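Listed here are the chains, written in short residue letters.
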Amino acid sequence: MRRYGRHVDWAPGAAITIAGETLARDDFLGRVHDTALTLDGAPTIAVVAEATMSTVVTIVAALEAGVPVVPLSPDAGQREREHVLSDSGAGLLAEGGTTWALPGNDTVPRGDAALILYTSGTTGPPKGVPIRPDAVHACIAGLADAWDWTADDVLVHGLPLHHVHGLVLGVIGPLLTGSGLIHTGRPTPTAYAAAQGSLYFGVPTVWSRIARDVDSARALAGARLLVSGSAALPGPVFDALGALAGQAPIERYGMTETLITLSARADEQRLRGSVGRPLAGIQARVVDDAGMPAAVGQLGELQATGPSVFAGYLNRPDATAASFTADGWFRTGDIATVDADGIHRIVGRASTDLIKSGGYRVGAGEVEDALLSHPAVAEAAVVGEPDDDLGQRIVAYVVASGVQGDELIAHVATTLSAHKRPRSVVFVEALPRNAMGKVDKARLGHIPPSTMTAPATNGDLP
Ligand code: MCA
Ligand code: AMP
């Protein structure tokens with residue numbers, strides 16, 4: 001271990017490549033160290049998380065300097081960006097190699113988080129999740145143990161850098177384990193195939209696109225371990241990769257709030273649909289509706305506790321209180337089973353208002369609010385419908401007049417972010433409601449649309 005700064009020991013190791021730019025490990029850490037010196041004592045820094053070397057250096061340097069980092073989605077619209085900047089109290093903003101002070105915020109005292117990541121709930125704007133440095137270390141140590149992840153590995157992925165998957169696992173992971181990193185810029189099948197690494201990360205959409213691209217899938221035959229996470233890996237994709245790449249991916253499960261809690265192990269048999277066991281230091285339990293441990297094989301809510309679980313949302317004591325049980329376990333909201341061998345399966349989510357599309361968590365309420373902010377929209381209800389490529393596609397049912405579907409899709413993309421945009425808009429005369437007047441989302445999709453639907457060119461899959 002070589003010590004840089006006061007806060008982190010980065011491991012020596014192999015080169016770092018970000019979207020085509022490569023630096024030897026020492027050169028990378030040297031640049032990080034120089035930048036960290038300029039950030040000493042700085043307030044919380046928001047970083048527009050483009051997949052570029054200079055952005056990665058800035059993020060890692062802030063971590064080294066002990067300055068909390070708020071990664072911003074590069075495609076965040078104005079409303080989302082303003083919310084994240086004001087809610088986090090970031091005093092600096094780094095974008096495209098330039099860093100400037102955010103007036104009004106630069107004197108806000110910073111907390112002790114390494115990262116503040118924003119994640120969606122069922123309603124309202126995204127919530128800030130402060131992630132402690134020791135939580136990051138515990139998570140990577142647990143994954144290194146489960147996956148035999150060492151400095152001999154070269155990790156390949158092309159995931160976005162404003163979430164746990166791409167940033168904590170995908171960038172900080174290599175810097176703590178010593179493995180090399182090739183970030184492919186975008187997670188395309190051909191880029192994954194060309195990289196020829198030993199360890200690969202992807203969301204199910206990425207794995208399913210690779211499985212459909214036979215040559216790229218076959219090119220992964222030399223890899224040591226393929227890992228899937230962020231959403232459920234479809235069984236046919238698991239099977240196809242097993243046949244084409246000679247190995248199926250292992251699955252691991254986690255949340256922004258908890259980091260990774262469960263994973264299949266590299267040295268165990270690969271089981272379709274299983275997310276394995278708790279990582280070292282993590283405890284998990286499946287609890288029935290009465291709050292009692294569910295019997296083996298029975299459905300219940302997955303709850304977790306351990307060193308990588310967060311302590312509470314930023315500025316949201318109400319949401320924090322609702323997320324923990326009386327005995328201090330985090331309520332994931334995911335429905336799971338555990339078998340007699342301690343192997344977990346994720347079966348679904350308790351709320352239909354949290355959508356997973358392409359591995360991104362999107363709150364239905366957030367998209368509905370964005371749609372309602374358009375003057376032509378009177379009512380809106382948003383659901384996730386099954387999709388072969390994205391897992392779930394965001395579909396909006398709206399009561400509106402004088403507007404086309406593509407305009408509403410663009411409105412959401414520019415207000416929130418592109419991945420939160422509905423892939424299609426269905427215009428209806430009225431939303432189905434129950435006796436209490438609440439929208440009955442179970443009946444959406446079964447109501448006759450009115451004459452207008454969004455044209456298929458706006459993100460509709462064939
Ligand atoms: C299209 N675009 C638009 C519009 N339509 N932009 C503005 N307005 C519009 N109307 C643009 C987009 O900006 C983008 O541009 C391009 O079209 C395609 O965008 P998108 O549809 O998002 O791409 P996709 O191909 O469908 O994306 C699939 C994906 C992506 C690559 C798999 O969903 C993805 O990266 N997912 C990863 C999510 C993830 O990492 N989740 C981790 C969180 P451009 O090409 O310029 O971008 S979960 C987590 O962290 C936990 C702990 C866990 O378990 O891992
Ligand atoms: P996020 O907070 O964006 O990190 O999303 C966390 C959510 O992703 C979890 O609550 C799960 O619903 C989902 N998730 C992550 N990994 C898996 C997995 N391997 N299988 C099924 N769902 C997953």
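Everything below is about the structure shown above.
Residues numbered from 1 in each chain as written. Chains lettered and ligands numbered in written order. Predicted model: local features only at pLDDT ≥ 70, side-chain atom pairs only at ≥ 80, totals over all residues. Heavy atoms only, no water.

A. Quick look at the packing of aromatic side chains. Counted by the stated rule, this structure contains nine aromatic pairs. With a centroid separation of 5.5 Å and 85 degrees between ring planes, the pair formed by Phe 310 and Phe 330 is classed as edge-to-face. You can see Phe 310 sitting in the loop between β19 (300–305) and α10 (317–323) and its partner Phe 330 sitting in strand β20 (residues 330–338), a full 20 residues away along the chain. Taken individually, Phe 310 and Phe 330 each receive the classification buried, so the pair is uniform in this respect. (Phe/Tyr/Trp six-rings, centres within 6.5 Å; stacked < 30°, edge-to-face > 60°. Helix = DSSP H or I, 4+ residues; strand = E, 2+ residues; numbered from the N terminus. Buried < 20%, exposed > 50% of the residue type's maximum accessible area, 1.4 Å probe, protein only.)

B. Representation of the site of ligand 1. Lining the immediate surroundings of ligand 1 are 24 residues, of which His 165, Ser 230, Arg 252, Gly 358 and Arg 423 lie closest. Here an oxygen atom of ligand 1 and a side-chain polar atom of Arg 186 are 3.1 Å apart. Gly 359 has a polar backbone atom sitting 3.0 Å from a nitrogen atom of ligand 1. In isolation ligand 1 has 1,100 Å² of accessible area, and contact with the protein removes 72% of it. Per-element tally for the shell around ligand 1: the top contributor is strand β15 (residues 250–255), with three residues. Class assignment of the residues belonging to the shell around ligand 1 gives a composition of ten nonpolar, eight polar and six charged. (Near = heavy atom within 4 Å. Polar contact = N/O pair within 3.5 Å; in protein donor to acceptor, adjacent residues only side chain to side chain. Areas by Shrake-Rupley, 256 points an atom, 1.4 Å probe, with all protein chains shown as cover. Nonpolar A, V, L, I, M, F, W, Y, C, P; charged D, E, K, R; others polar.)

C. Highlighting the pairing of strand β21 (residues 344–349). Two elements, β20 and β21, share five bridges in a ladder whose sense is antiparallel. Within β21, the position partnered with Val 338 by the bridge is His 344. Between β20 and β21, which pair antiparallel and follow one another directly, the connecting turn spans five residues, one of which, Gly 342, has a positive phi of 85 degrees. (Pairing = 2+ DSSP bridges.)

D. Main features of the sheet that holds strand β3 (residues 16–18). Within the open sheet, the nine strands sit side by side as β4-β3-β12-β11-β13-β14-β15-β16-β17. Their pairing is mixed. The open sheet has two free edges, formed respectively by β4 (21–23) and β17 (277–278), since each of these has just one partner strand. Where helix α5 (residues 164–177) meets the sheet, its contacts fall on β3, β11 (154–157), β12 (180–183), β13 (199–202), β15 and β16 (259–263), and the angle it forms with β11 comes to roughly 160 degrees. (Contact = heavy atoms within 4.5 Å. Axes fitted to C-alpha atoms, helices over the stretch in contact; angles between N-to-C directions.)

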